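# Overview (structure and organization)
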Amino acid sequence: DTTSPVIALKGDANVTHEMHATYVDAGATWTDSLDGNGTVDANGVVDVDVPGIYYLTYDLNDSSENNATQVTRMVTVVDATVPEIVLLGDANVTHEANATYVDAGAIWTDNLDGNGTLDANGTVNVAEFGTYYLYYDLNDTSGNAALQVIRAITVVESIAPIITLQGDANATHEANTAYVDAGATWTDNLDGNGTVEAYGMVNAT
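Quick summary incoming for the structure in this document. (Residues numbered from 1 in each chain as written. Predicted model: local features only at pLDDT ≥ 70, side-chain atom pairs only at ≥ 80, totals over all residues. Heavy atoms only, no water.)

For the rest of this paragraph, the subject is the pairing of strand β3 (residues 28–32). What you see with β3 is a clean split: Ala-28, Trp-30 and Asp-32 sit on the buried side and Thr-29 and Thr-31 on the side with no burial. Across 4 bridges, strand β1 (residues 6–9) lies against β3 in antiparallel orientation. Paired with Ala-8 across the strands is Thr-29, a residue of β3. Here 5 bridges tie β3 to strand β4 (residues 36–40), and the two strands are oriented antiparallel to one another. Residue pairing across strands places Ala-28 opposite Val-40, the latter belonging to β4. (Buried < 20%, exposed > 50% of the residue type's maximum accessible area, 1.4 Å probe, protein only. Helix = DSSP H or I, 4+ residues; strand = E, 2+ residues; numbered from the N terminus. Pairing = 2+ DSSP bridges.)

Following this line, the structure appears as structure tokens:
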């Protein structure tokens, strides 16, 4: 018997495999003119936790010590899973004007890189009414882009201004003398402060 056995791969010779997923090799079969046929297991290891190229080889000697031609399978472990971004806090926020805005931020998780916190891109002008958008983006080390997450912040003024009398709220005034009102001041969350004049009149006669 001088005829070498023949090894035939089951499945593809080049395989792309997602990292962290269990790799189960398809194996190979052999046929031999003397010994018949059977299956052959691969030599080599595929580390599914580390992206890269791994080679599995299949070898066989028949009972007459004829060597089969070695067959190789190339397994490429890749990270094709996009990272995920999760907002901390609400996606839609109503914020009082002129109050300091502190963003709650976001967290991310990734199949390869692990997890962490993420800061937003964008600004919120608390001195001007309107809706502002903060954007959260992330690319992992394999170049996979996470789905963008957006937070909308609407700056409003819901606090009424405050008027404060100068002088007493109840005054006794001598007839036929000019009445000069002490006036009032106002303060406001958005507009600042100032003075306010009275409506009405005092008939000093």
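Let's shift gears to the sheet that holds strand β6 (residues 71–78). The mixed open sheet is built from 3 strands, whose spatial order is β2-β6-β5. Each having just a single partner strand, β2 (14–18) and β5 (52–58) make up the two edges of the open sheet. Ignoring strand direction, the axes of neighbouring strands in this sheet form an average angle of 25 degrees. The pairing of β2 with β6 spans 5 bridges and is parallel. If you follow Val-15 over to β6, its bridge partner there is Val-75. (Axes fitted to C-alpha atoms, helices over the stretch in contact; angles between N-to-C directions.)

This part covers unusual backbone geometry. Across the chain, the bulk of peptide bonds are trans and the bulk of non-glycine residues have phi less than zero. For His-20, which is not glycine, the phi torsion reads 75 degrees and is therefore positive. By the element assignment, His-20 lies in the loop between β2 and β3. Owing to a relative accessible area of 39%, His-20 belongs among the partly exposed residues under this scheme. We note that Asn-176 has phi near 65 degrees; this positive angle belongs to a residue other than glycine. Inspection of the secondary structure assignment puts Asn-176 in the loop between β13 (162–165) and β14 (184–188).

A few words on the pattern of salt bridges. Throughout the structure, instances matching the rule amount to 2 salt bridges. Taking the shortest distance from any N to any O, the salt bridge between Arg-73 and Asp-25 comes out at 2.9 Å. Of the two residues, Arg-73 sits in strand β6 while Asp-25 sits in the loop between β2 and β3, which places them 48 residues apart along the sequence. By relative accessible area, Arg-73 is classed as buried at 1%. We classify Asp-25 as partly exposed; its relative accessible area is 25%. Between Asp-103 and Arg-151 there is a salt bridge, with the nearest N and O atoms lying 2.9 Å from each other. With Asp-103 in the loop between β8 (92–96) and β9 (106–110) and Arg-151 in strand β12 (residues 149–156), this residue pair connects regions lying 48 residues apart in the sequence. (Salt bridge = Lys/Arg side-chain N within 4 Å of Asp/Glu carboxyl O.)

Function-wise, these values are silent; they only describe arrangement.
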